[in-house]
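So the chains spell out like this:
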Amino acid sequence: MKSFLNVQDLGELNAALREAAEIKADRYKYDSLGKNKTLLMVFFNNSLRTRLSTQKAAMNLGMNVIVLDVNAGAWKLETERGVIMDGDKSEHLLEAIPVMGCYCDVIGIRSFAGLTDRDYDYAETVYHQFLKYSGKPVFAMETATVHPLQAFADLITIDEYSQKMGKRPKVVLTWAPHPRSLPQAVPNSFAQWMLAADVDFVITHPEGYELDPVFTAGACIEYDQRKAFEGADFIYAKNWSCPGVGKYRADYGKILSKDMSWTVDAEHMSWTNNAHFMHCLPVRRGMIVTDDVIEAPTSLVIPEAANREISATVVLKRILQSV
Ligand code: CP
């Protein structure tokens, strides 16, 4: 595997889930696979879980790890071609990338959407520049439009907890309010991975928040949140800004609603089949979810974060086996 952005990059999903279970049973089973191999993690944006879990995954496989925080200690990087660099950016990504590639064997990229130029974001411009100019395998640690390590961890978690249910689960992705404009990477990937998995999947959000059909083709979209929640086994809450689909194109990246009736509280959860609550974290309590729901025994926010180590170990293992 030379690139990891989408669910298809992982191949057959059940095989990946079996591999995840194997790693979870013995996370050091492949601890010599990464001997004398170096992972470079490049962060254009903040992180807690991705940084720690991916580094731990690399260590599970015996890799060395270098972390670069582009906005803290490195030269400020220009990412666009054709600009006159007379501002505060001292180095262009097109030189920086091949240099980074000299020092490592695998590169992970965190680079969020700018949320101003939809075409630039949805082309995954920064990610593809790394893929083209580094000469190394590259994987997404949340890029402009996708967060596959998170979605894979979420799927592992749903798979684990639905085995205990003994039935095909109903999984609901619900939009929830947030004070700031957030990217669509997490809901895009979650939708893409759920549609590839053996689950009944429903998306619910206010009008204008329709995700790009590239990620949601075939999904059931229900604008009535209560109807969507009925019979749900898993509620996955997330905020996202306007994805700019169809007549909402000019609203790309904007906040169209802060309707607090969408906040997931105990009443919302009472509409479900005693559902598990999920969120990728970090989460704003009181906006996305109430304290009682996130702290309930049915909340899976910690197990899904723990599974980030497992998803990253599987992905890095696949990449190492291909270099
Ligand atoms: N869920 C997630 O990616 O968390 P971080 O932003 O802290 O890495």
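Refer to the structure presented above.
Report follows, based on the coordinates. In this text the structure is predicted, and so the values were computed from the model without any measurement.

**With respect to unusual backbone geometry**
Going from Leu281 to Pro282, the amide bond is cis rather than trans, its omega being 0°. Its location among the elements puts Pro282 in the loop between strand E12 (276-278) and helix H11 (291-295). The backbone phi angle of Asn274 is positive, close to 50°, even though this residue is not glycine. Checked against the element boundaries, Asn274 lands in the loop between helix H10 (266-270) and E12.

**Topic: the packing of aromatic side chains**
What describes a pair of aromatic rings is the distance from one ring centre to the other and the angle between the planes of the rings. Counting across every chain of the model gives nine aromatic pairs. Ring centres of Trp175 and Tyr209 lie 4.8 Å apart, and the angle between their planes is 40°; this geometry places the pair in the tilted category. Of this pair, Trp175 sits in strand E8 (residues 170-175) while Tyr209 sits in the loop between strand E9 (200-204) and helix H8 (213-216), and the two are 34 residues apart along the sequence. For the residue pair Trp175 and Tyr209, the accessibility class agrees, reading buried in each case. Aromatic side chains Phe190 and Tyr236 sit 3.9 Å apart centroid to centroid with 15° between the ring planes, which places their arrangement in the stacked category. Taken as a pair, Phe190 in helix H7 (residues 185-196) and Tyr236 in strand E11 (residues 234-238) lie far apart in primary sequence, 46 residues in all. For the residue pair Phe190 and Tyr236, the accessibility class agrees, reading buried in each case. The ring of Tyr30 is capped by Lys317, whose NZ or CZ atom sits 4.6 Å from the centre of that ring.

**Observations concerning the site of the ligand**
Taken together, Ser47, Leu48, Arg49, Thr50, Arg110, His147, Gln150, Cys280, Leu281 and Arg308 form the complete shell of residues around the ligand. A distance of 2.7 Å is found between an oxygen atom of the ligand and a backbone nitrogen or oxygen belonging to Leu48. In the environment of the ligand, an oxygen atom lies 2.8 Å from a nitrogen or oxygen atom belonging to the side chain of Arg110. The protein chains hide 94% of the 260 Å² of surface that the ligand would expose on its own.

**Some points on the pairing of strand E3 (residues 64-69)**
Bridge count between strand E2 (residues 38-43) and E3: six bridges; the pairing is parallel. Paired with Leu39 across the bridge in E3 is Val65. Considered for its hand, the β-α-β crossover made up of E2, helix H2 (residues 49-60) and E3 is right-handed.

**Topic: the nonpolar core**
Residues Phe139, Phe152, Trp193, Phe201 and Leu316 are the most contacted members of the largest nonpolar core, which totals 55 residues. Aside from chain neighbours lying at most four places away, what touches Trp193 is Phe4, Asn6, Val7, Leu10, Leu13, Pro148, Ala151, Phe152 and Leu155. By size, the runner-up hydrophobic cluster in this structure holds 25 residues, among which are Val42, Met100, Ala113 and Tyr127.

**So, the sheet that holds E8**
As summarised here, the arrangement of the five strands in space is E10-E9-E8-E11-E12, forming an open sheet in which the pairing is parallel. Both edges of this open sheet fall to strand E10 (220-221) and E12, since each of them pairs with a single strand only. Pairing of E11 with E12 involves three bridges; the strand directions are parallel. Paired with Phe234 across the bridge in E12 is His276. Against the sheet, H7 touches E8, E9 and E11, its axis set at about 155° to E9.

**Topic: the pattern of salt bridges**
Going through the model one piece at a time under the given rule, you end up with 17 salt bridges. With a shortest N-O distance of 2.6 Å, Arg285 and Glu295 are connected by a salt bridge. On the criterion of sequence distance, the pair formed by Arg285 in the loop between E12 and H11 and Glu295 in helix H11 is long-range, its members being ten residues apart.

**Here we look at the sheet that holds E2**
Strand order in the open sheet formed by five strands is E1-E7-E6-E2-E3, and the pairing between neighbours is parallel. On the outer flanks of this sheet lie strand E1 (3-4) and E3, each paired with one strand and no other. Of the pairings in the sheet, the one linking strand E6 (residues 106-110) to strand E7 (residues 138-140) comprises three bridges and is parallel in character. Across the sheet, the residue bridging to Gly108 is Phe139, located in E7. On the sheet, H2 packs against E2, E3, E6 and E7 and is oriented at approximately 175° with respect to E2. Relative to the sheet, helix H5 (residues 125-134) contacts E1, E2, E6 and E7, its axis offset from that of E7 by approximately 170°.

Analysis parameters
- Residues numbered from 1 in each chain as written.
- Predicted model: local features only at pLDDT ≥ 70, side-chain atom pairs only at ≥ 80, totals over all residues.
- Heavy atoms only, no water.
- Helix = DSSP H or I, 4+ residues; strand = E, 2+ residues; numbered from the N terminus.
- Phe/Tyr/Trp six-rings, centres within 6.5 Å; stacked < 30°, edge-to-face > 60°.
- Buried < 20%, exposed > 50% of the residue type's maximum accessible area, 1.4 Å probe, protein only.
- Lys NZ or Arg CZ within 6 Å of the ring centre and 35° of its normal.
- Near = heavy atom within 4 Å.
- Polar contact = N/O pair within 3.5 Å; in protein donor to acceptor, adjacent residues only side chain to side chain.
- Areas by Shrake-Rupley, 256 points an atom, 1.4 Å probe, with all protein chains shown as cover.
- Pairing = 2+ DSSP bridges.
- Right-handed = clockwise from strand over helix to strand, strands pointing away.
- Core = buried A, V, L, I, M, F, W, Y, C linked by side-chain atoms within 4.5 Å.
- Contact = heavy atoms within 4.5 Å.
- Axes fitted to C-alpha atoms, helices over the stretch in contact; angles between N-to-C directions.
- Salt bridge = Lys/Arg side-chain N within 4 Å of Asp/Glu carboxyl O.

In short, the description is geometric, and any link to function would need to be established separately.
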